[in-house]
Structure formats: structure tokens, C-alpha cells
Amino acid sequence: DTGVSQDPRHKITKRGQNVTFRCDPISEHNRLYWYRQTLGQGPEFLTYFQNEAQLEKSRLLSDRFSAERPKGSFSTLEIQRTEQGDSAMYLCASSFSTDYGYTFGSGTRLTVV
Amino acid sequence: QKEVEQDPGPLSVPEGAIVSLNCTYSNSAFQYFMWYRQYSRKGPELLMYTYSSGNKEDGRFTAQVDKSSKYISLFIRDSQPSDSATYLCAMSVRDDKIIFGKGTRLHILP
């Protein structure tokens, strides 16, 4: 296990379409986080899981966004009815609850046209 | 006022210089303080973290936290062209959700 893996790396979609991203964390990490980063900004928190439980969601995570981590391993982030404002880098990170600092993946870059 | 303020730069310094990067914050409940480095088209990578106030050194990097002033710093000694990246300060109240600054773009000139 070499790190946090995100798929796809890039996604171009038309406005109004649904998209789903996948994150595979480091296998022994029980926490998983989703962040969004736009150009010139730092990552913004979206949501996080401890094992399969979703413990916190940002108000940035509108009704069009849903995240799951069904078996406490990989996670998916779905965006329904995409809008141009959803264009961003979506970053996944993982950690072990008694450690500190996250390990980030390389992100999925979403472009909505 | 944003919770974490960071000058976006860019900051250009000659190779070998000492670099000083800073952030201020408004939430006095923050206890965990971190610095991440992010290269273009990559995810952030953790450089340093400290708990509460004080200094921490790791090789060419020194992190300082002054909770009384709500001010954190990262110093890079003997800067190298490979240090050119965006540096993100980050902090949290508990060891879970992290709040990031905007990031400072740093260019080390050979």
C-alpha cells in the first residue's frame, strides 16, 4: 500500500450530469476526509468518516453532494446535477485516529463545461 | 475575517536564503498546527506539526507557534530550488477536521 489513491485523476463533464469519484485510503487508516480546492485557495473541508460513520459534514456539502464509506475502507463522493461552480480539485485524505496529520491523495480534477 | 489568514505571495528568494512563512488565525481554540507543502497538480504533503505553543525543528525546517499572538511561522534554512512550491498553514481544534490557509507560493531562484 503506497498511499491514498484517487480515481479518476481528471473528469470533464457537462453541466447537469452526475459524477462519482473514488478514494482508496491507506489500509490501516480508519479516518477518511474529503476536501475541495479551487485555484489559488487552500483545501476546504467537505466531510469526514471514522470507519463507516460520517461524523461531520460542511455546509459546503449541499444536497447535491453525497459521500459514502460503506465498509469503512474506500469512499465515494457523488455530485448530482453538476454546476460550473463545482469545477475544482477534490482531494481525499486519510489518517489513523491516534496519529496526526493527514496523508492526501493526488486529487481528482473536475471540470464542468 | 477568515479563521486562518495567509499571504498568497508569490514570494521569490535566492537559493541559500532563509525563508520565513507566516499565518495568523482568529480562533483561540486551535491547538494543533501544521504546515503542508503542495507541488503543482499534487496533493498537499505534511511537513511539520506542533501541538500548542513552542518551536519544532526538523532538518532545514523550523515551525514556531505563538498562541498568545495567534501567529505561526515556518522557517526554511539553506533554501533549495526544490523547495519551490505552495506552503499551506493548517490548524485544528481537535485532531480531526483541519482548516487550511490559502497557501503561499514560494519560488527559490537558482
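One can find the structure itself at the top, above this paragraph.
Basis of the calculations
- Residues numbered from 1 in each chain as written.
- Chains lettered and ligands numbered in written order.
- Predicted model: local features only at pLDDT ≥ 70, side-chain atom pairs only at ≥ 80, totals over all residues.
- Heavy atoms only, no water.
- Helix = DSSP H or I, 4+ residues; strand = E, 2+ residues; numbered from the N terminus.
- Rg over C-alpha atoms; globule rule 2.2 N^0.38 Å.
- Areas by Shrake-Rupley, 256 points an atom, 1.4 Å probe, with all protein chains shown as cover.
- Lys, Arg positive; Asp, Glu negative; His and termini not counted.
- Charge placed at Lys NZ, Arg CZ, Asp CG, Glu CD.
- Buried < 20%, exposed > 50% of the residue type's maximum accessible area, 1.4 Å probe, protein only.
- Pairing = 2+ DSSP bridges.
- Salt bridge = Lys/Arg side-chain N within 4 Å of Asp/Glu carboxyl O.
- Contact = heavy atoms within 4.5 Å.
- Axes fitted to C-alpha atoms, helices over the stretch in contact; angles between N-to-C directions.

S.K.: Would you take a moment to explain the overall build of chain B for this structure?
M.R.: Along the backbone of chain B there are zero helices and 11 strands. Reading the secondary structure of chain B in the N-to-C direction produces β-β-β-β-β-β-β-β-β-β-β. A compact globule built from 110 residues should have a C-alpha radius of gyration of about 13 Å, and chain B, at 13 Å, falls within 12% of that. Once the C-alpha set of chain B is aligned to its principal axes, its extents read approximately 40 × 25 × 20 Å. On chain B, roughly 5,300 Å² of surface is accessible, and the fraction owed to carbon and sulfur atoms is 47%. Of the side-chain charges in chain B, 13 are positive and 12 negative, and the distance between the mean point of each set is 6 Å.

S.K.: What should I look at first to understand the pairing of strand β4 (residues 32–38) of chain B in this one?
M.R.: All names here are of chain B. Counting buried residues in β4 gives seven out of seven residues, a clear majority hidden from the surface. Pairing of β4 with strand β5 (residues 45–51), which is carried by six bridges, proceeds in the antiparallel orientation. Residue pairing in the sheet places phenylalanine 33 in a bridge with threonine 50 of β5. Where β4 hands over to β5, the hairpin turn is made up of six residues, of which arginine 41 adopts a positive phi near 65°. Bridge analysis of β4 against strand β9 (residues 85–92) gives seven bridges, and the strand direction is antiparallel. Paired with phenylalanine 33 across the strands is methionine 91, a residue of β9.

S.K.: Help me out: how do you make sense of the pattern of salt bridges in this one?
M.R.: Pairing of side chains with opposite charge becomes possible as their charged atoms draw close. Under the counting rule described, the total for this entry stands at seven salt bridges over all chains. The shortest N-O distance in the salt bridge between glutamate 83 of chain A and arginine 64 of chain A comes to 3.4 Å. Separated by 19 residues along the polypeptide, glutamate 83 of chain A in the loop between β8 (75–79) and β9 (88–95) and arginine 64 of chain A in the loop between β6 (53–57) and β7 (65–68) bring together distant segments of the chain. Accessibility expressed as a relative area gives 12% for arginine 64 of chain A, which makes it buried. The closest approach of N and O atoms between aspartate 83 of chain B and arginine 60 of chain B, which form a salt bridge, is 2.9 Å.

S.K.: Can you help me understand the environment of arginine 41 of chain B in this one?
M.R.: The residue arginine 41 of chain B is located in the loop between β4 and β5 in this model. In this structure the C-alpha to C-alpha distance between arginine 41 of chain B and valine 93 of chain B, which are 52 residues apart in sequence, comes to 28 Å. Those residues in contact with arginine 41 of chain B that lie beyond four places of it in its chain are Arg9, Ser106 and Arg109 of chain A.

S.K.: What is the right way to read the sheet that holds β7 of chain A from this model?
M.R.: Strand pairing in a sheet is mediated by backbone hydrogen bonds. Such pairs are either parallel or antiparallel. Residue and element names in this part refer to chain A. Taken together, four strands build an open sheet; the order of strands is β1-β3-β8-β7 and the sheet is antiparallel. The outermost strands of the open sheet, each flanked by one partner alone, are β1 (5–7) and β7. Shown here is a sheet whose adjacent strand axes are inclined to one another by a mean of 15°, direction ignored.

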